[in-house]
Amino acid sequence: METVLRYGVIAAFFISAVVLTFLVLKTLSFGRRSLNAAPRGNWKKGVFYAFGQGMMPWEKESAKNHLLTYMAGFCYHFGIFAALFYLLSLVIPFACGKMVINILQVLMVAGAVCGLGLLLKRSLKQFMRSLSCPDDFIANLLVDLFIILSFLNSSLINLKPILFSVSILMLLYIPTGKIRHCFFFFYSRILFGHFFGRRGVFPRSQHQFKG
Amino acid sequence: MTKNSKNEQSFDDRLDNLSEENCLIIKNEFKKLINYDFAAFLNTCVHCGLCADTCHYYIVDKNPKNIPANKLGLINKVFNRYFGLFAKITPALYGSKVLNKDMVKEWVDSLFGRCTLCGRCALNCTMGINIPYIIRAARGALAAARLVPPGLQSTVDTAIEKGNNMGIAREDWLETIEWLEEELQDDVDDPESSLPLDKNGARLLYTINPREAMFFPLSISAAGKIFYAAGESWTFSSANFDVTNYGLYSGDDNAAGLMSERLVKSRRELGCEELILAECGHGFNSNRWEAPEWLEKKYGFPVKSILQVIAEYIKEGKIQLDASRNKKRVTLHDPCNLVRLGGIVEEQRYILKHAVTDFVEMTPNREKNYCCGGGGGQLAMTRYADRRLETGRLKAEQIKDTGAKIVVTPCHNCIDQLMELNKHYKLEIEIKTVAEIVADALII
């Protein structure tokens, strides 16, 4: 049973990748926007900024004023990556040293706490509920469950069949709902950096007539 | 019933009686306006809500409809319903919606009435989603079904029909220039000084916001005085002088392209080297950044803001300023289209440091500055006037906090809004353009 589920995880990963690729191709089918206006700044510097300094809380009022939520988001994602790495170690499989497992466990616990915290915020705050659809709750719950099961399996009891089953569900769900931002995030940040970099808004080192 | 209220009533009637055919037009146009970038953005929003209190609408009024992600969400729901992969099968799971009469009404109210396209949410989005550009695309889809709120649509129509958004007749324009030229000659005590019209081969073609000719002639005089002091070779066009482009706000790319093309044509016919845009935020964004995309061509000549020109004059020593002539405390309002979306950030500060003795920044400032509330076509859409004044409270508080007696802003749209805020919030300030402040300090 465990072996079947293990192959199920691999199959779900490939199905997810294929559907995500199809989604990208469908997105591409809308056509590119041509850019004819002469640039004032350097778009590459803008993209570099978007993934570096531009992610820092002091650069973004939205992050600075909601530091706890912003940091919880970061923590949550570290937890997800840790759980994914742990899943990989079970599926391939390969052995992780004790220290690596300990680090992954810390990240997973922190990630799960933050994920549940964000879910709580979405459920309790009226303005967050106004933004949410069922997908927002399902995606969060599914990922939280995945992280928690990964942690439990790594530290306490053998939950591999349940972990693999939840992993299959989660992997298949990725392209269908909001979790697909895991791919589109990178493209959006590139576009953000490209737009403001080309126009000479960011990074500020591009500003002319600086005092 | 006034003509204005009749138009508003007729617009509401049209919204109430929208046919499925109208909705189909909007849907099809929306599909045409969505490109790869926008589709990628629409796949990215995670509804984190961090954009909420970066929007001046939401800061002032905690109505969830004012949250940028909810405005984007209205578009995303429709996008997912028709062009998404899975939302067609299980719409309830993703909150996707059909574009019907009710949804169109929501689009009009939120996308026109609750957004100034200022871009502050885009700057603060953790994902980097360019929300105002997607909202503009959806506005464009509404424009295809003639569902742009009357005041904004009539501004576009007037510009298309009459050549400028105020409908100024050619003879009136020529008369205004003639009168202002006499004023300039008196002011600089030089009968040879001029406000040239249709001067072939001039280096610069200068454009204005038609409101300057109608209500703020001093800002035209100020620019003329600066050009005179710098010994510049420049000209106005008698045919095409309007820097504004409300097609940017209505979302109608065809109308917007037509308006911008006129300036390109006049520059070519007059043989000018550069197109210089007056102090107008959206005019700058339109003609500098968007017009080459609307017209699908590279310009091959520089398009600059007058601020860039003035800053260069100061730097190169072509004009001399005596800052002590402007002793009152001055603050600066950054127009969104010029600064956050246009990249002209430091020129105005460089100029003011040379032109006034007491300059103080607002908090926040530069690309992080708050919109005054008058952008996005809000000043033209009378149906949302109350919201506009209410959202302007944030700007009024920013101004009060500086203790400034003069607010300088390089945008006539912003000036109009600031004048209303001045009255509404009893700010007791003077509002000036950068050129006016420079003209006051000019040593001739």
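Residues numbered from 1 in each chain as written. Chains lettered and ligands numbered in written order. Predicted model: local features only at pLDDT ≥ 70, side-chain atom pairs only at ≥ 80, totals over all residues.

Overview of the overall build of chain A
Move 1: The helix and strand inventory of chain A stands at nine helices and zero strands.
Move 2: Dimensions along the principal axes, computed over C-alpha positions, put chain A at roughly 65 × 40 × 40 Å.
Move 3: Going through the 211 residues of chain A one by one, you find that 39% of them count as buried. (Helix = DSSP H or I, 4+ residues; strand = E, 2+ residues; numbered from the N terminus. Buried ≥ 20, exposed ≤ 12 C-beta atoms within 10 Å, placed from the backbone.)

What about the domain arrangement of chain B?
Residue and element names in this part refer to chain B.
Move 1: Examined at the domain level, chain B breaks down into domain 1 (3-147), domain 2 (161-314) and domain 3 (320-443).
Move 2: Here domain 1 and domain 3 have C-alpha centroids that lie 30 Å from each other.
Move 3: Facing 16 residues of domain 1, the contacting portion of domain 3 comprises 19 residues.
Move 4: Within the residue set of the side of domain 1 that touches domain 3, elements represented by two or more residues are α1 (3-16), α4 (56-60) and α8 (120-124).
Move 5: Sorting elements by how many residues they give to the side of domain 1 that touches domain 3 places α4 first, with four residues.
Move 6: Residues belonging to the side of domain 1 that touches domain 3 are distributed by class as follows: eight nonpolar, five polar and three charged. (Domains from an automatic or database assignment. Contact = placed C-beta atoms within 7 Å. Nonpolar A, V, L, I, M, F, W, Y, C, P; charged D, E, K, R; others polar.)

What to know about the sheet that holds strand β2 (residues 234-235) of chain B
All names here are of chain B.
Move 1: Spatial ordering of the open sheet is given by β2-β1-β3-β4, a layout of four strands whose pairing is parallel. On the outer flanks of this sheet lie β2 and β4 (303-305), each paired with one strand and no other.
Move 2: Taken together, the two bridges between strand β1 (residues 204-206) and β2 define a ladder with parallel strand orientation. Residue Leu 205 lies in a different strand from β2, and its bridge partner there is Thr 235.
Move 3: Against the sheet, helix α17 (residues 306-315) makes contact with β3 (274-277) and β4, and its axis sits at roughly 75° relative to β4, the strand it touches most. (Pairing = 2+ DSSP bridges. Axes fitted to C-alpha atoms, helices over the stretch in contact; angles between N-to-C directions.)

Points about the nonpolar core
Move 1: Membership of the largest hydrophobic core comes to 159 residues, with the highest contact counts inside it found for Ile 134, Ala 138, Leu 142, Ile 226, Ile 310 and Val 438 of chain B.
Move 2: Here this core takes nine residues from helix α9 (residues 131-144) of chain B, the largest share from any one element.
Move 3: For Ile 226 of chain B, the contacting residues outside a window of four places in its chain are Ile 310, Ile 319, Ala 435, Val 438, Ala 439 and Leu 442 of chain B.
Move 4: With 31 residues, the next largest nonpolar core counts Ala 72, Leu 87, Ile 147 and Leu 149 of chain A among its residues. (Core = buried A, V, L, I, M, F, W, Y, C linked by C-beta atoms within 7 Å.)

A closer look at the sheet that holds strand β9 (residues 430-432) of chain B
Residue and element names in this part refer to chain B.
Move 1: Spatial ordering of the open sheet is given by β7-β6-β8-β9, a layout of four strands whose pairing is parallel. Each edge of the sheet is formed by a strand with only one pairing partner; in this case those strands are β7 (359-360) and β9.
Move 2: Two strands pair when backbone bridges link them, and strand β8 (residues 406-408) and β9 are joined in this way by three bridges, in the parallel orientation. Looking at the pairing, Ile 406 lines up with Glu 430 of β9.

Focus: the interface of chain B and chain A
Move 1: With 55 residues of chain B at the interface, the matching set in chain A holds 55 residues.
Move 2: Taken together, the elements giving at least two residues each to the side of chain B that touches chain A come down to α3 (36-42), α5 (68-83), α6 (91-94), α16 (281-294) and α18 (347-355) of chain B.
Move 3: Among the elements that take part in the side of chain B that touches chain A, α3 of chain B stands out by supplying five residues, more than any other.
Move 4: Grouping the constituent residues of the side of chain B that touches chain A by class yields 26 nonpolar, 15 polar and 14 charged.

Points about the environment of Met 259 of chain B
Residue and element names in this part refer to chain B.
Move 1: Following the sequence through the fold, Met 259 ends up in helix α15 (residues 253-270).
Move 2: Considering only alpha carbons, one finds Met 259 and Glu 106, 153 residues apart in sequence, at a separation of 29 Å.
Move 3: Residues contacting Met 259, with those up to four places away along its chain left out, are Ala 159, Asn 245 and Gly 247.

As for helix α11 (residues 170-188) of chain B
Residues and elements named next belong to chain B.
Move 1: Here α11 is 19 residues long and its end C-alpha atoms lie 27 Å apart, about the 27 Å a rise of 1.5 Å per residue gives.
Move 2: Looking at α11, one finds that the buried residues are Trp 173, Ile 177 and Leu 184. Summarising the axial view, the buried residues of α11 lie within an arc of 35°, below the 170-degree limit, and thus occupy one face. The outward face of α11, more than 90 degrees from its buried face, is lined by the exposed residues Glu 171, Glu 175, Glu 178, Glu 182 and Asp 186.
Move 3: Packing partners of the buried residues in α11 comprise α12 (210-214) and α13 (217-230).
Move 4: Of the residues one or two after α11, Asp 189 is the one with positive phi, at around 55°. (Expected span 1.5 Å × (residues − 1). Arc of directions from axis to C-beta.)

Concerning α15 of chain B
At 3.6 residues per turn, the α-helix brings residues three or four places apart onto the same side.
Residue and element names in this part refer to chain B.
Move 1: Counted at 1.5 Å a residue, the expected span for α15 with its 18 residues is 26 Å, and the 26 Å between its end C-alpha atoms agrees.
Move 2: Regarding α15, the residues found buried are Asp 253, Ala 255, Ala 256, Gly 257, Met 259, Ser 260, Arg 262, Leu 263, Val 264, Ser 266, Arg 267 and Leu 270.
Move 3: Just past α15, the residue Gly 271 takes up positive phi, approximately 70°.

Topic: the packing of α18 of chain B against helix α22 (residues 434-441) of chain B
Residue and element names in this part refer to chain B.
Move 1: Closest axis-to-axis distance for the α18/α22 pair is 10 Å, and the angle between their directions is 30°. Between α18 and α22, the interaxial angle falls into the category roughly parallel. Along this stretch, α18 crosses α22, giving a crossing that reads as left-handed. In this structure, α18 uses Gln 348, Ile 351, Leu 352 and Ala 355 to contact α22, whose residues at the interface are Val 434, Ile 437, Val 438 and Ala 441.
Move 2: Partitioning the contact of α18 with α22 into residue classes produces seven nonpolar, one polar and no charged. (Parallel < 35°, antiparallel > 145°, perpendicular 65-115°, else oblique. Left-handed = near helix turned anticlockwise from the far one by under 90°.)

Describing the environment of Ala 52 of chain B
Move 1: Relative to the elements of secondary structure, Ala 52 of chain B occurs in the loop between α3 and α4.
Move 2: Since 27 C-beta atoms lie within 10 Å of it, Ala 52 of chain B is described here as buried.
Move 3: Sequence separation between Ala 52 of chain B and Arg 383 of chain B is 331 residues, and the spatial gap between their C-alpha atoms is 24 Å.
Move 4: When sequence neighbours within four positions are dropped, the list of residues in contact with Ala 52 of chain B reads Phe 127 of chain A together with Tyr 58 and Ile 67 of chain B.

Looking at the pairing of β3 of chain B
Residues and elements named next belong to chain B.
Move 1: The pairing of β1 with β3 spans three bridges and is classified as parallel. Residue pairing in the sheet places Leu 204 in a bridge with Glu 274 of β3.
Move 2: Relative to β4, β3 is paired through three bridges, and the arrangement is parallel. Within β4, the position partnered with Ile 276 by the bridge is Lys 304.
Move 3: For the handedness criterion, the β-α-β arrangement of β3, α16 and β4 is classed as right-handed. (Right-handed = clockwise from strand over helix to strand, strands pointing away.)

As for the packing of α15 of chain B against α16 of chain B
Residue and element names in this part refer to chain B.
Move 1: One way to put it is that α15 packs onto α16 with a least axis distance of 9 Å and a crossing angle of 115°. Every pair of crossing elements has a handedness; the one defined by α15 and α16 is left-handed. Here Asp 253, Ala 256, Gly 257, Ser 260 and Leu 263 of α15 lie close against α16, whose contacting residues are Ser 286, Asn 287, Glu 290, Ala 291 and Trp 294.

Some points on unusual backbone geometry
Move 1: Following Phe 202 of chain A, the chain continues into Pro 203 of chain A via a peptide bond in cis, with omega recorded as -10°.
Move 2: Looking at the element boundaries, Pro 203 of chain A is found in the segment after α9 (181-198).
Move 3: Residues Thr 363 of chain B and Pro 364 of chain B are joined by a peptide bond in cis, for which omega reads -10°.
Move 4: Note on placement: Pro 364 of chain B falls in the loop between β7 and α19 (385-391).
Move 5: One non-glycine residue, Arg 146 of chain B, lies in the positive phi region at around 55°.
Move 6: If you trace the backbone, Arg 146 of chain B turns up in the loop between α9 and α10 (150-162).
Move 7: By C-beta crowding, Arg 146 of chain B is classed as exposed, having 12 other C-beta atoms within 10 Å.
Move 8: In this structure, Asp 189 of chain B is a non-glycine residue whose phi angle is positive, near 55°.
Move 9: Looking at the element boundaries, Asp 189 of chain B is found in the loop between α11 and β1.
Move 10: Under the C-beta neighbour-count criterion, Asp 189 of chain B is labelled exposed, with 8 such atoms within 10 Å.

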